[in-house]
2 protein chains.
Amino acid sequence: MERKSLNLLLILLLLILTNNYSYGDDGYRLWQRYDKVQDAEKLKNYQQSVSELVIEGNSPTLSVAQKELTVGLTGLLGKAVPVSQRLTQQSAVVAGTPANSALIASLNLAERLNSLGDEGYLILTANTNGKKSTVIAANTDIGVLYGSFHFLRLLQTQQSISNLSIASAPKIKHRVLNHWDNLDRTVERGYAGFSLWDWHKLPDYIDQRYIDYARANASIGINGTVLTNVNANALVLTKEYLVKVAALADAFRPYGLRVYLTARFSAPIELGGLKTADPLDPQVQAWWKDKTEEIYSYVPDFGGFLVKANSEGQPGPQNYGRNHADGANMLADAVAPRGGIVMWRAFVYDDKEPDDRAKQAYNEFKPLDGTFRKNVLVQVKNGAIDFQPREPFHPLFGAMPQTPIMMEFQITQEYLGQGTHLAYLSPLFKEVLTSDTYAKGKGSTVAKVIDGTLDNHTLTGIAGVSNIGNDRNWTGHQFGQANWYSFGRLAWDHTLSSEAIADEWLKMTFTNNNQFVAPVKNMMLGSHEALVNYMTPLGLHHIMGWSHHYGPGPWIKDKHRADWTSVYYHRADEEGIGFDRTATGSNAIAQYFPPVQKQFRVIKKCPEKYLLWFHHVKWNRKMDSGRILWDELCHRYSGGVDSVRQMQQTWNTVQGLIDQERFDQVQSFLKIQEKEAKWWRDACLLYFQTFSKRPIPQDLEKPAESLDYYMQLDPQFVPGI
Amino acid sequence: MERKSLNLLLILLLLILTNNYSYGDDGYRLWQRYDKVQDAEKLKNYQQSVSELVIEGNSPTLSVAQKELTVGLTGLLGKAVPVSQRLTQQSAVVAGTPANSALIASLNLAERLNSLGDEGYLILTANTNGKKSTVIAANTDIGVLYGSFHFLRLLQTQQSISNLSIASAPKIKHRVLNHWDNLDRTVERGYAGFSLWDWHKLPDYIDQRYIDYARANASIGINGTVLTNVNANALVLTKEYLVKVAALADAFRPYGLRVYLTARFSAPIELGGLKTADPLDPQVQAWWKDKTEEIYSYVPDFGGFLVKANSEGQPGPQNYGRNHADGANMLADAVAPRGGIVMWRAFVYDDKEPDDRAKQAYNEFKPLDGTFRKNVLVQVKNGAIDFQPREPFHPLFGAMPQTPIMMEFQITQEYLGQGTHLAYLSPLFKEVLTSDTYAKGKGSTVAKVIDGTLDNHTLTGIAGVSNIGNDRNWTGHQFGQANWYSFGRLAWDHTLSSEAIADEWLKMTFTNNNQFVAPVKNMMLGSHEALVNYMTPLGLHHIMGWSHHYGPGPWIKDKHRADWTSVYYHRADEEGIGFDRTATGSNAIAQYFPPVQKQFRVIKKCPEKYLLWFHHVKWNRKMDSGRILWDELCHRYSGGVDSVRQMQQTWNTVQGLIDQERFDQVQSFLKIQEKEAKWWRDACLLYFQTFSKRPIPQDLEKPAESLDYYMQLDPQFVPGI
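For chain A, the name recorded in an unreviewed UniProt entry is Xylan alpha-1,2-glucuronidase, with Pontibacter silvestris as its organism. Note on chain A: under the UniProt heading Subunit (unreviewed entry), the record states "Homodimer."

Structure, rendered in structure tokens:
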């Protein structure tokens, strides 16, 4: 009886919270939850500070801002917030541009707005027509929308809105998601279900998710989206698909989200019937010009092309004896008249196997510096290999001062536990952004390279490979949302701290209750390091399972390309382990500026987190901890597993502070993560032990199975391929 | 200002209805919506009639029933309904079995319950311990759950609950969904996204959707689910997958939903390393027995196997010179000790091309009657070809009196407009079920064959190929839900009318408002006939696009099997059109009992809806309408398009009576349906016109494009393959 009564109470509570048959909370609303503010005092203050909403003008973007503010404020305040086109009372929220709003114009904000550009905004407590108001002002409608989201965030995170004086503008111009989505709705390296884009039903059916996707992106300042996989299918450039692309672009436009496409380099042959795709061939150039004009006829604000060429089997200019600049410039000329850009990826493969895969992009691109058109960005992955759990920054950053270099981060967790591991990536992003290239002396950070300040570029960009799919919560893992969120926030302002971003994301996504926020934030901040430890500690890299990249595979060898195998990268032998990239080895280190070389060159000075990236190190070498390398490796792997168990414990303490459905999902995923962390630890240690010939230290947990067991595992139908 | 105020009002209204940032209504809740009853008088009556809920006993299934009743009644009544294990007041709802509930036992319902079997239930207004109560009584817990859903349905459809005396039991024992879901989450002929089964995250992560899927099925009495595609992958029979299957079975069990698997006939070779899969080989038999025992060790209530053998490339007993009974019996022997069954499909293909594809199943299976084990059902598609928009009933119904024949309907709309056409399938199901086989004289309906009453079988079954995917609304099209619903309702009670099912589904899914229900029900009831008209009127069949089966393809010919082409089926020539299946042709008609033959044998008596199925008819033959065949064909195709336009008009009139999101989706889909109906009409008429050499009648809309245009259309990435 008592158990039943308790159940009933819980059910009723749920009903009150959701007002219908509750399936719990599925996470669809992301960080855009506008539930009533729970803190009574703050609620009262907010209610007093927001009496009405005044928006003059009615562009699609302003309508969107008005709707968002109305719905958001009504939800957060638990009271109706009337909308007006005239100011009628104290404590209004006034939003607009000087051009469209007499109220905003009357505030003489021109000087302050001038420095904020096309997308920045002010949020001010101001005296408007004799009435105290909160003003959201910008030079453009999209700036107003961005400011509106910022204002709502203040309330969602329960900050003061009493004496506001906020000015914000993005540090990087193009903040772009890369969707590796195929036209059949599979998503390469996608772990959140399948593609959002239901091409078959476009253009006639506009799924509400398209709108909500654009809303979410606008709320964090993402202003571009590449709809299609870099391993491109030319079909998307046909009329049949362009009308579908146009429908998506129309849905996204009010949210300031511009559409880009991937250009398959051989499209002139495949679609145009030409005999060549040589970028210097006039017919090929004409074909791309015509095709581009056709695209603009459907999508007047088409952003441009993202290209993967001469990499992993993709065609490119080198097929015709041309270089990457020749290819990029041809496309750049085609989009230039309409203000489009080309994002040309530096993730390239040579036909022949290199002595060190890490050196390839630098070798191919560095000599091309200065030869690209003004509307080309070279898009460089954060590290020189491929989105490993940890990589030192890519040597191309800072190495091409005459070329805008664009960052490519991976938000989807191809090598970071895929769909089920909680790994908060902001610390990874920040580690790269704050790395110092020394290109122009100390302080030449990667962030300054990509925000253009180091080399005075105004064309700047940052891309994130999307982790979004058609799973109801968008990202599969609830905490995958945090990576989408932090990518957007850092793209806007790379000086934000990982902690600040986690703090606001947690508050907006779950609750402001500090009993929840404090421990879970702590858990998030340590999660990336935990993953590095149980997967690839001490600078190890590229030792994952073949092809699907799921689980450990340090034994992978004898494939058609050595630089796709694990043994190529870890180089374990009886002596030691690690890739010598100093002068005694591949000398990849020489691609960095001398002060950076100096940091990495000598084993004893090299930070241990990069040790095996740059050095082949003896198993018995003493480490900072006083342990020998082998023992340290064992401790790192074991520590990674221990960290996951601590995450599980932390999570268990917050049960009841948030809804049960999301709690359960994260709890289940942490269980999977612990299982797979052990898998990584045991498989890697048993394998490396065949070289080190040393025992796993007594105080550490022993592997559950034999090496043979792990080597014969052959997971089928792994998502993301 | 006024427009904005109106917008605000609408937004606020939405907020009140949903109490959070509303994304509208996405259809996830299916027909299981428990929003407060809107009719004030009925609400008051219901509130007075339901004071508390008394459930004695606490099995998993009873807990589920209690939760459903609590949440459902609380939502519908807008007031808390306390749960008690003792009767404390008048107007209680008392649910349970005589075995577990003293209250139920005291009512002496044994006699009435006896006839209701393992799944039936009573819903009675009764005097319980001196108090007027509503009693939901059954012999089993699952019967109680079924009765609970029935009771909730009464309130959802605003029927009286004052003097209830309802007895209900299913007419068919096994009511099963067939999921053609592959292990990579693609769904063969699935048009609602991808597979619900996220195999990769099983068994650790139990998605809430699995529970909600089971709930939905239980609410309409579906008690079995085949998780995997009939084009089977043996991997699902490995330990790695069986633990995943077990996790799903555990989630489904409280809802009375039993799990089945498809058995790949060659699994003993592929998994077991045997040299043969010959069903008479003792090693093969032993392998299946061991495998079956292994399955039962994971899933103690495993239902059994569904097998597609010797069909469309699938291996089977004929590979070893054995027949279908040999194959089925081997598997039947393996599952028999545990009470399992084998559902052996009659959809078979011969290696050599038959003179008439329609005759094949009968030819192969009829001679096997009496040779199957007692726990084998032969699963027969509703018609002899393949789920065409309309087919006469399959001649195997009634032809194998010693064998339980199971119906296989297709709920997913492979040939019926796939993802976007509104086609309510209950009329199709009913047309087949009420067809008279005359196997034992007049009144020997197909329904009586499959419910076992004609030939005294107690083992009975009905299967529906699922239209469920991971789209948020489960079925892609909102109205696809009605087909899932009506399959379940008819599986339980095939005497229900299509109108009654549509009526209750609409009320539960959308609203009880008759301004909505009446016109939309009318639209649903005509929708299947509309589709037949714009796709395959007058008995035409199998003239769809190649392979993906999307859109028209009457010109398909010269493929490696003639019986996969369109020209094989329509046989249009300068004389006329249609497949002569009488004695002058393939004589497939001889497979029916004589009274049925008589109906179809002569052109002038044959119902026009089957005319071209059975006869090759001259273009200038006079039809019932007075028109010649060609003109009638043109009118039918055009009438189909007109019907869709009427559906669009009808739908437009109900805007505002339901939520905007579902309204918009259906409106968009109807637009696509109209576009594709025209495509079918124009392509088919232009093509058939090349034979008829006659003009399309003056008063009809002319084709928009040329025949060449339609023939060169080549849709890519069509869903469902």
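That covers the picture; the talk isn't over yet.
Undergrad: If you had to explain the sheet that holds strand β1 (residues 52-55) of chain A to someone new, which residues and values would you point to?
TA: Two strands in a sheet stick together by hydrogen bonds in their backbones, pointing the same way (parallel) or opposite ways (antiparallel). Residues and elements named next belong to chain A. On the basis of which strands lie adjacent, the open sheet formed by 6 strands has the order β2-β1-β3-β5-β4-β6 and mixed pairing. If you trace the sheet from one side to the other, it starts and ends with β2 (83-84) and β6 (165-168), each paired once. Taken strand by strand, helix α3 (residues 60-77) contacts β1, β2, β3 (92-96) and β5 (131-138), and its axis lies near 175 degrees from that of β1.

Undergrad: Talk me through the environment of A:Glu68; I want residue IDs and the actual numbers.
TA: Note on placement: A:Glu68 falls in helix α3. Along the backbone, A:Glu68 and A:His570 are 502 residues apart, and their C-alpha atoms lie at a distance of 51 Å.

Undergrad: Provide a residue-level description of the packing of helix α3 (residues 60-77) of chain B against helix α6 (residues 141-156) of chain B, including the pertinent values.
TA: Helix packing for two helices is described by the angle between their axes and how far apart those axes are. All names here are of chain B. At a closest axis distance of 9 Å, the pairing of α3 and α6 adopts a crossing angle of 10 degrees. The orientation of α3 relative to α6 falls into the category roughly parallel. Contacts from Thr61, Leu62, Val64, Ala65, Glu68, Leu69, Gly72, Leu73, Leu76 and Leu77 in α3 reach Asp141, Ile142, Val144, Leu145, Ser148, Phe149, Phe151, Leu152, Leu155 and Gln156 in α6. Looking at the contact of α3 with α6 residue by residue, the classes come out as 14 nonpolar, 4 polar and 2 charged.

Undergrad: How would you summarise the pattern of salt bridges if you had to cite specific residues and measurements?
TA: One pass over the structure, following the stated rule, counts 96 salt bridges over all chains. Taking the shortest distance from any N to any O, the salt bridge between B:Asp503 and B:Lys521 comes out at 2.6 Å. Here the residue B:Asp503 occupies a position in helix α16 (residues 498-509), and B:Lys521 occupies one in helix α17 (residues 514-535), the gap between them amounting to 18 residues. Accessibility assignment for this pair places B:Asp503 and B:Lys521 in one class, buried. Residues joined in a network through salt bridges with shared partners are A:Asp25, A:Arg29, A:Arg33, A:Asp35, A:Asp659 and A:Arg662.

Undergrad: With reference to specific residues and values, describe the nonpolar core.
TA: Nonpolar side chains tend toward joint burial in soluble globular proteins. Counting 227 residues, the largest nonpolar core has B:Phe151, B:Phe252, B:Trp288, B:Phe479, B:Trp484, B:Trp651 and B:Phe688 as the members making the most contacts within it. The element that contributes the greatest number of residues to this core is helix α22 (residues 660-692) of chain B, accounting for 13 residues. Membership of the second largest hydrophobic core comes to 225 residues, among which are A:Val245, A:Tyr255, A:Ala358 and A:Ala384.

Undergrad: Residue-level account of the sheet that holds strand β14 (residues 461-465) of chain A, with values.
TA: All names here are of chain A. Pairing within the closed barrel is parallel, and its 8 strands lie in the order β7-β8-β9-β10-β11-β12-β13-β14. Direction aside, neighbouring strands of the sheet carry axes that sit 25 degrees apart on average. Sheet topology note: the strand β7 (residues 174-178)/strand β8 (residues 224-226) ladder contains 3 bridges and is parallel. Its bridge partner lying in β8, Asn178 is registered against Val226.

Definitions and cut-offs
- Residues numbered from 1 in each chain as written.
- Chains lettered and ligands numbered in written order.
- Predicted model: local features only at pLDDT ≥ 70, side-chain atom pairs only at ≥ 80, totals over all residues.
- Heavy atoms only, no water.
- UniProt positions renumbered as here; feature names shortened; annotations may be inferred.
- Pairing = 2+ DSSP bridges.
- Helix = DSSP H or I, 4+ residues; strand = E, 2+ residues; numbered from the N terminus.
- Contact = heavy atoms within 4.5 Å.
- Axes fitted to C-alpha atoms, helices over the stretch in contact; angles between N-to-C directions.
- Parallel < 35°, antiparallel > 145°, perpendicular 65-115°, else oblique.
- Nonpolar A, V, L, I, M, F, W, Y, C, P; charged D, E, K, R; others polar.
- Salt bridge = Lys/Arg side-chain N within 4 Å of Asp/Glu carboxyl O.
- Buried < 20%, exposed > 50% of the residue type's maximum accessible area, 1.4 Å probe, protein only.
- Core = buried A, V, L, I, M, F, W, Y, C linked by side-chain atoms within 4.5 Å.

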